[in-house]
Amino acid sequence: MCHLPENPGSGTHRRQFNHLTLFLMTRAKTTINRRSFLKATAMAGGGLMLSFNWLAACKAPSGDEMLDMPDEWFDLNSYIKIGNNGVVTLMSPNPEFGSNVKTSMPMILADELDVDWKKVIVEQADFYPERFDRQFTGGSMGILLGWKPLRTAGATARQMLVNAAAQKWNVPASEITTEAGVLYHKTSGKSAGYGEMASLAAELPVPEEVAMKQLSDFKIIGTSRKNVDGKKIVTGQPLFTLDYKTEGMLIAMPILPPFGMTVKSVDDSAARAMPGVKDVFTIKVLPDGYEQNAFDTISFPEMVVVVGNTTWEVMNAKKAVKVEWQLLDERAFDVQSWGGKQKVVMPKGLESTSAHRAWMAEAARGKAQVLRRDGNPEAAFKSAAKVLERTYTAPHLAHNTMEPVNCFAHVTEDKAELYAPIQAPEFIRRTLAARLGMPQENIHIRLARMGGGFGQRAYGHHLVEAAVISQKVKAPVKLVYTREDDMTYGIYRPTYTATYRAALDKDGNLIAFHVRGGGIPEHAVHANRFPAGAVDNYLAEGWSLPSNITIGAFRAPRSNFIAGAEQSFLDELAELAGKDPIDFRLELLERAKKNPVGKDNDYDPDRYASVLKLVREKSNWDQPPSGVGRGVAAYFCHNTYVAEVVDMRMEGTNPVIENVVAAVDCGIVVNPDAARNMGEGGIIDGIGNALFGELTFKDGVPEKNNFHQYRMIRQKETPRNVEIHFVQNEHDPTGLGEPLFPPIFAAVANALYRATGKRYYEQPFAKHIAVSPAMM
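Criteria and thresholds
- Residues numbered from 1 in each chain as written.
- Predicted model: local features only at pLDDT ≥ 70, side-chain atom pairs only at ≥ 80, totals over all residues.
- Heavy atoms only, no water.
- Helix = DSSP H or I, 4+ residues; strand = E, 2+ residues; numbered from the N terminus.
- Buried < 20%, exposed > 50% of the residue type's maximum accessible area, 1.4 Å probe, protein only.
- Contact = heavy atoms within 4.5 Å.
- Areas by Shrake-Rupley, 256 points an atom, 1.4 Å probe, with all protein chains shown as cover.
- Salt bridge = Lys/Arg side-chain N within 4 Å of Asp/Glu carboxyl O.
- pLDDT = per-residue confidence, 0-100.
- Core = buried A, V, L, I, M, F, W, Y, C linked by side-chain atoms within 4.5 Å.
- Pairing = 2+ DSSP bridges.
- Axes fitted to C-alpha atoms, helices over the stretch in contact; angles between N-to-C directions.
- Parallel < 35°, antiparallel > 145°, perpendicular 65-115°, else oblique.
- Nonpolar A, V, L, I, M, F, W, Y, C, P; charged D, E, K, R; others polar.
- Expected span 1.5 Å × (residues − 1).

S.K.: What is the right way to look at the overall build of the chain in this model?
M.R.: Secondary structure assignment for the chain yields 17 helices and 32 strands. Burial statistics for the chain: of 776 residues in total, 61% are counted as buried. Pairs at least 24 residues apart make up 77% of the contacts formed inside the chain by residues separated by at least 6 positions. Surface exposure of the chain reaches about 30100 Å², of which carbon and sulfur atoms provide 49%.

S.K.: What exactly am I supposed to notice about the pattern of salt bridges here?
M.R.: Side chains carrying opposite charge are able to pair once their charged atoms draw close together. A full pass over the atoms with the stated rule returns 43 salt bridges. Taking the shortest distance from any N to any O, the salt bridge between Arg759 and Asp571 comes out at 3.0 Å. With a gap of 188 residues between them, Arg759 in the segment after α17 (741-756) and Asp571 in helix α13 (residues 559-577) connect regions that are remote in the sequence. Residue class for Arg759 comes out buried when judged on its relative accessible area of 12%.

S.K.: Looking at this structure, how should I read the confidence of the model for the chain?
M.R.: Detailed reading of the predicted model is not advised wherever pLDDT is low. When pLDDT is averaged along the chain, the result is 89, and 89% of the positions lie at 70 or above. Every residue in residues 51-65 is under pLDDT 50, and counting partners more than four places away or in other chains gives 69 contacts.

S.K.: Is there a simple way to explain the environment of Leu388 in this structure?
M.R.: Structurally, Leu388 can be placed in strand β19 (residues 386-394). In this structure, the C-alpha to C-alpha distance between Leu388 and Glu572, residues 184 residues apart in sequence, is 8.6 Å.

S.K.: Sorry, what's going on with the nonpolar core here?
M.R.: Side chains that are nonpolar tend, in soluble globular proteins, to be buried together. Grouped together as the largest cluster of nonpolar side chains are 97 residues, with contacts concentrated most on Leu418, Leu432 and Val748. Ranked by the residues each element gives to this core, the list is headed by α17, at 10 residues. Here Val748 is in contact with Val646, Met648, Ile657, Ile687, Leu691 and Phe765, once residues within four sequence places are set aside. Judged by nonpolar contacts, the second largest core, of 54 residues, contains Ala532, Phe561, Leu570 and Leu588.

S.K.: It is not clear to me how the sheet that holds strand β7 (residues 182-185) should be interpreted in this structure. Could you clarify?
M.R.: As a general point, the strands of a sheet are linked pairwise by backbone hydrogen bonds and lie either parallel or antiparallel. Spatially, the three strands line up as an open sheet ordered β6-β7-β8, and their pairing is antiparallel. Strand pairing shows two members of the sheet lacking a second neighbour, β6 (176-179) and β8 (190-193), which therefore form its edges. Each neighbouring strand pair of the sheet contributes to a mean axis angle of 20°, computed without reference to strand direction. The pairing of β7 with β8 spans four bridges and is antiparallel. Paired with His185 across the two strands is Lys190, which belongs to β8. Contacts between helix α4 (residues 194-203) and the sheet are confined to β6, β7 and β8, with β8 contributing the most and set at about 80° to the helix.

S.K.: What is the right way to read the packing of helix α3 (residues 142-169) against α4 from this model?
M.R.: To characterise two packed helices, one gives the angle between the axes of the helices and the distance between these axes. One way to put it is that α3 packs onto α4 with a least axis distance of 8 Å and a crossing angle of 85°. Regarding the angle of α3 to α4, the classification is roughly perpendicular. Between α3 and α4, the contacting residues are Arg158, Met160, Leu161, Ala164, Ala165, Gln167, Lys168 and Trp169 on the first element and Tyr194, Met197, Ala198, Leu200 and Ala201 on the second. The residue makeup of the contact of α3 with α4, split by class, is 10 nonpolar, one polar and two charged.

S.K.: Help me understand helix α11 (residues 461-473), please; the structure alone is not making it clear to me.
M.R.: For α11, with 13 residues, the first-to-last C-alpha span of 19 Å sits near the 18 Å given by 1.5 Å per residue. Of all the 13 residues making up α11, 10 are buried; the element is thus mostly covered by neighbouring parts of the structure. Those residues of α11 not exposed but buried are His461, His462, Leu463, Val464, Glu465, Ala466, Ala467, Val468, Ile469 and Ser470.

S.K.: Is there a simple way to think about the side chain of Ser470 in this case?
M.R.: You can see Ser470 is positioned in helix α11. Non-local contacts of Ser470, meaning those with residues more than four positions away in its chain, are made with Ala409, His410, Val411, Ala475, Pro476 and Val477.

S.K.: Sorry, what's going on with the sheet that holds strand β26 (residues 537-544) here?
M.R.: Across the sheet, which stays open at both edges, the five strands sit in the order β18-β26-β25-β24-β19 with mixed pairing between neighbours. Lying at the two open borders of the sheet, with one neighbouring strand each, are β18 (369-374) and β19. The average angle at which neighbouring strand axes cross in this sheet is 10°, direction not considered. Pairing geometry for β18 and β26, over five bridges, is antiparallel. Within β26, the residue paired with Gln369 across the bridge is Gly542.

Structure follows, in C-alpha cells:
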C-alpha cells in the first residue's frame, strides 16, 4: 500500500538530489567498471558493443525494412551495439506504458553518440537486474534519472570511435570530428563510418573522462521523433501480453471476494462439468509471514481460480462457481517502504462509502499530526480582517487502464518464465522467489508493452498469481482479469478531504494559512509546497484512517487531489482579497523569492512564476473570449512546474471546454511532440476524473464494475483545443507523465465557477453542477 516517491522528495533531499544529478554537463567521469561498461574484444565480423550502467543485454532485432542489417550481430548482453555497416542497436531498459521512454531515451544516447537517427534500432530489454541498475517506469523519473547516464554512455562510445580512428590514421584524436555516424579528419581529408572503426574501438581502453556536447550542438534532442513502436501499434503487431500465445498454454481467471472477506467454501461441481475447464482451486498469494516490500500490495490473500482452455470457456465457468465468503480478522503487518518499515493495519469489517464519509467528517474534527508550523497562525487568525475556510473532498478512483490486468507464466521445477505488463519488475522478483521456492536468478521476466499504467502496474500481484497457478497446474498459463475483475480488485486512488483556512489583513494581504488534510488510508498534504514559504504564519496538519480497501499509486499520487483543493482555495481567496488570480499567486511567489519563510520550501519561486507568466501571455488572460468562464491553476510536482488556463461555456448544465492553455517548465524538452502528447493526455485524463471519476462501495463491494457504470470522459467532452507551451531554459530535463494532471482539476473547478456562478468543493463536479440564475 505504498506510493512511488516523488524523487527527489522535499526540502533537503531534493536539494541534495539536484546537486548530485541536475547540472549542465560538459565533461563527465565515466567511472566505469566491468559490470557497468563491458567490451567485446574479439569480433570476427567487426563491431563494437558497449554496456553502460543500467542499459544492456542486446539481442538480434526482428528485422526492419528501413535498414540493411550488418553481416553479423554480436550478442554480448550489451547496451550499445554497432554493426560493421554503422547500424546501432539499443536495448531500452525501462518498461514502456505510453510515456514514450522507448523513443526519448534512445534519442539522448544517439545524440551524444552523434549517430544518424535513421540508423538506430531500439529493442525492449528483458528484466535483467544483474546488468541494469534501474528498470522502472513511474514517478515521472525516467528521463530525469536517465539523462546523465545516457549522455555519458553515448559520449563514451563516440570517444572510443574517435580514438580508434586516431590510431588507425596516426593523427591526434583532438583533430577528429564526428557527424551522423561518420568520423572526419579535415587536414588529411580522411573519413570513415562508425562501422569501419567498431572492431578497433572495441580493443581500446575505456576513457576515464569524456567530453559532453554543448546544448547548442544537440541535433536529435529537442527535435520531434516518431514513436519507435508506432507502426507496430497501428498495424496490430503483437506487443502486449494479451497477444502472447505458446503451445499448451491454459487460461486462468480469478474469482474475487468483497473487501474484508476471504474464502470459506467453494462448490465447483457445475463448473468442472463445463467444456474446456481444467481445474478450479484456491490459491494463497503470499507465503505465511512474508515481509512485504513497497509494491507487494495484495488486495486478497486468497482467491479462487478457474483454469481452462480458452478465455470464453473460463469466463462462463466462473459464473457457475458458487463461493461462500467469510469475514477476515483484522490484519496488521510490516511493509518495507522507502523510509524504512511501515505498519499497515487492515481492519475487520465490510466498508461502505457512506461510512467512510462519516468517519472522515468525525476525524476532521479530531487530532492531527503537525507537519509544519511557521510563526503564530492562531494569533494571526484572531487579528485578521477577513477569514476564509473551505473543505474539499474527493472519492476513490480506479485506474481503468485500457488493458486489464494480465500475465503469462510458465513455472517448472527449476525455473520460472514470465511475460508481463509491469512498471516495477525489480520489486517483484524477490516476492516471486519466496513464493515459488526458487532462487531469484532462476526467475526470468520479459517486459511487455503496457496498455496504460498510471501507477496500477507498479504492483506485481498478477505476476505472483500467474506463477503460483502455473506451478500448480504444471503448464504455461496466461492469467487474464476481465474488466470487472480489474475494476474491483483494488489498489485505488484513496479518498481524501482537506480543509483550508486563510486570514487576510485589512489591505487584502495574506497573513496566515492553515491546511488540514486527511484521508482513507492516507492524507495528501505536502507540507513544504507553495504557499509554504510565502506567508509568515503557516500550519500544515495531516491525519489518516485505516481501511481494508487497498490503495496505491495513481497518476501523481496525493498531488492529484491536493493540487485541486489548494488551487481552488487560492482562487477563491484571491477573489476575497480583490485581486486577479494570477497576480495574487505571483505576489506570493515574489515574497517567497525575496524573503522566504522557513528552509525546506520545496519549489523554486522563479520557475514557478515563469509558468504563470507564460500562461498569462499565451492564453491572452487579460482579454478572455466573451461567453466563457475562465479558470487558472498552477502547481509543482515531480520536479516540474505547470500552469493551466481553461476556457469553458455551458450548454444547459453540460460544461463545454473550448480551450486549454498550459505552460510547462520541465527543463530541456527531449522530444517535443511526445512531450505535447503526454501533456494532452494528462489534461484530458484530469478533466475526465474531475468531472466524472468516482468509485463507491457498499458492504465491501465496489458499486461500479465496468464502463457502463464507471463514467469516463467521452470524445465529445474533450477540449476543442489544447495548447502546450514550454519554458525555454537549459535546466536538465525532469518529468511529464504526471505534472499536467493535478492542476487541471482546479482549473476546471475555477472555470466552472465563472461559468455557473457556483463554487465546487466535492468531486466529481458533474453531479453537482447547477447554473446560477444570474449566469443565465
